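# Observations on chain architecture
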Amino acid sequence: MFAPPPLRAPARFLEKSTMRTMIRLPSLCLALIAGMLSAAEPAPPKTGSKGPAPEAVVAQYAAIALAGYEDALAGARALGRSIDALVAAPAPRTLSAARQAWLDARVPYMQTEVRRFGNPVVDAWEGRVNAWPLDEGLIDYVDASYGSESDANAWYAANIIAHQRPRIGGREIDATTITPKLLAETLHEIGGIEANVATGYHAIEFLLWGQDLNGTGPGAGNRPATDFDVERCTGGHCQRRIDYLKAAAALLVTDLEEAVADWKPGGAARAHAQQAGLASMLTGMGSLSYGELAGERMKLGLILHDPEEEHDCFSDNTHNSHFYNQIGIRNVYLGRYRRPGGSAVEGPSLSDLVQARDPALDREMRSRLDATVEAMTALKQRAERRERYDQMIGEGNRDGHAVVQAAIDRLIEQTRSIERVVAALGIGRIEIEGSDSLDRPADVFK
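Everything in this summary refers to the structure shown in the same document. (Residues numbered from 1 in each chain as written. Predicted model: local features only at pLDDT ≥ 70, side-chain atom pairs only at ≥ 80, totals over all residues. Heavy atoms only, no water.)

### With respect to helix H6 (residues 201-209)
An α-helix turns once per 3.6 residues; consequently, residues spaced three or four apart project the same way. In terms of burial, H6 is largely enclosed, as 9 of its 9 residues are buried. Among the residues of H6, those classed as buried are Tyr201, His202, Ala203, Ile204, Glu205, Phe206, Leu207, Leu208 and Trp209. Tucked inside the fold, the buried residues of H6 contact helix H2 (54-88), helix H3 (92-110), helix H4 (120-130) and helix H7 (238-263). Positive phi shows up at Gly210, right after H6, with a value of about 80 degrees. (Buried < 20%, exposed > 50% of the residue type's maximum accessible area, 1.4 Å probe, protein only. Helix = DSSP H or I, 4+ residues; strand = E, 2+ residues; numbered from the N terminus. Contact = heavy atoms within 4.5 Å.)

### Here we look at the nonpolar core
Ile204, Leu208, Tyr244, Trp263, Leu282, Met298 and Leu350 are the most contacted members of the largest nonpolar core, which totals 114 residues. Not counting residues within four places of it along the chain, the set of residues in contact with Met298 comprises Leu293, His322, Met376, Leu379, Tyr389, Val404, Ala407, Ile408 and Leu411. (Core = buried A, V, L, I, M, F, W, Y, C linked by side-chain atoms within 4.5 Å.)

### Examining the packing of aromatic side chains
Scanning all chains against the criterion turns up 8 aromatic pairs. Plain terms: the ring middles of Tyr69 and Trp125 are 5.6 Å apart, the flat faces sit at 75 degrees to each other, and that makes the pair edge-to-face. In this pair, Tyr69 sits in helix H2 while Trp125 sits in helix H4, placing the two residues 56 residues apart along the sequence. One exposure class covers both Tyr69 and Trp125, and it is buried. Ring centres of Phe206 and Phe314 lie 5.2 Å apart, and the angle between their planes is 45 degrees; on these two criteria the pair is classed as tilted. Placement of the pair is Phe206 in helix H6 and Phe314 in the loop between helix H9 (278-304) and helix H10 (318-334), with a sequence separation of 108 residues. Classification of Phe206 by relative accessible area gives buried; the value is 0%. Taken together, Tyr61, Tyr69, Trp125 and Trp263 form an aromatic cluster joined through their ring pairs. The cationic tip of Arg223 hangs over the ring face of Phe206; the distance from NZ or CZ to the ring centre is 5.3 Å. The ring of Phe323 carries Lys380 above its face, with NZ or CZ at 5.6 Å from the centroid. (Phe/Tyr/Trp six-rings, centres within 6.5 Å; stacked < 30°, edge-to-face > 60°. Lys NZ or Arg CZ within 6 Å of the ring centre and 35° of its normal.)

### Quick word on empty space enclosed by the protein
All told, the structure shown has 2 cavities of 30 Å³ or more when counted by the stated rule. The calculated volume of the largest cavity comes to roughly 50 Å³. What lines the largest cavity is a set of 11 residues, among which Trp132, Pro133, Leu134, Glu308 and Cys313 lie closest to the centre. Class assignment of the residues belonging to the lining of the largest cavity gives a composition of 5 nonpolar, 2 polar and 4 charged. (1 Å grid on protein atoms, 1.4 Å probe; cavity = no way out; pocket = protein on both sides within 12 Å on 5 of 7 lines; lining within 4 Å. Points joined across faces, edges and corners; volume = space filled by probe spheres on them. Nonpolar A, V, L, I, M, F, W, Y, C, P; charged D, E, K, R; others polar.)

### Concerning unusual backbone geometry
Peptide bonds are, in most cases, trans, and in most cases residues other than glycine have a negative phi. Cis geometry marks the peptide bond from Trp132 to Pro133, where omega comes out at -15 degrees. Position of Pro133 among the secondary structure elements: in the loop between H4 and strand S2 (167-168). Notably, Asn159 is not glycine yet its phi reads approximately 50 degrees, a positive angle. Inspection of the secondary structure puts Asn159 in the loop between H4 and S2. A positive phi angle, near 60 degrees, is found at Asp316, a position not held by glycine. Within the secondary structure, Asp316 sits in the loop between H9 and H10.

### Remarks on the packing of H10 against helix H12 (residues 359-385)
Running from N to C, H10 and H12 point in directions that differ by 165 degrees, and their axes come no closer than 9 Å. The angle between H10 and H12 falls in the class roughly antiparallel. Between H10 and H12 lies a crossing whose hand is left-handed. A breakdown of the residues in the contact of H10 with H12 according to their chemical character gives 11 nonpolar, 6 polar and 6 charged. (Axes fitted to C-alpha atoms, helices over the stretch in contact; angles between N-to-C directions. Parallel < 35°, antiparallel > 145°, perpendicular 65-115°, else oblique. Left-handed = near helix turned anticlockwise from the far one by under 90°.)

### Structural notes on the pattern of salt bridges
Counted by the stated rule, this structure contains 27 salt bridges. Between Arg223 and Asp227 there is a salt bridge; the shortest N-O distance is 2.8 Å. Asp227 carries the same exposure label as Arg223, and that label is buried. Here Glu387 ties to Arg382 by a salt bridge, and the two come within 2.8 Å at their closest N and O atoms. Through salt bridges with shared partners, a single ionic network connects Glu113, Arg116, Asp123, Glu126, Glu292 and Arg297. (Salt bridge = Lys/Arg side-chain N within 4 Å of Asp/Glu carboxyl O.)

By themselves, these observations are geometric and do not establish any function.
Shown next, in the form of structure tokens:
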């Protein structure tokens, strides 16, 4: 079991380029030894107890995954259609519709992220779909405050949309024609740098919204629709911007088609889940809850008071991304998923399994999950009614900090209950990802 040390309030970073380099720290794994058994599946129920077979719980987990990725794919296709409409008739109305399609597409996808951890098949392509944060100057024009170079990234301000054959650091690339292949095989993480995100939701988000230049003040990105109007072009190179946006949208559909295939019967991700069993499910729950969401996505930005560290930073949609991540964690435990149309996918669950072995622990786990949903709901409502997430984490905003910290605290508490579930089911040793921002906050500044 792990018990994170108390967090200390560090000094504020002032230099953006230095900060962006230093905060990208590798994920740290915390060894979680739960129980005395090392089998991949739980011990049999006690005599007289009832509960579903572990195989049935895993099968339901896979069924929910398939439904979630199918819905994410449908959202990506709808986004592509809205982008086509924007290109055909660039105007504030069509740009607003494309942005809304992006926001809608995020809802099912963010509920799938719990499957990334503990399943290497998912993790192998997730970076093409949801990588962040990104050095947006790689893609398009940026404000002068962004700077023109970075010691850590030679492609920091390459602006592929403006340059057909950029030569940087002795390497020239042919970007004359912007295609999905160029984005996926050449530009994405070019130079081996993770900040060079050229594909996925966040590249599309940047193109639809543009930079959020408001810091921790109100307002999101405000790119004009004329950036996609070849007749009244603003920002320059409007046809190439259109080509990039359409290529990124097409690639997102292709990547999510791969995800759907991976979770169909016989698919690689489903096969791994079936082999790893309940351990994969609980690894995903614990790692997203603790190291990724509580740590890298929330505590790090709160420590730094940095709007660059909010997940959906161009659209100011971070409150929804965090909320639906938590819904996805709870979905796994309860064995159910509500689709965008309102229908539910329900079946045998981890909750059923735990209830058969330790009813009090099941009540505790459900209560902790619900408490985190409640804290995330409070964060979401504050964002929708008063101030966005980047404002909440701004320096000196005590009330906003308290709302964010409350959600972090609930995530940590539910992770400890996940540990106890691992022990109760006799799963053995699993690894839950950690985060320096939680485990060693002083190291964030090294």
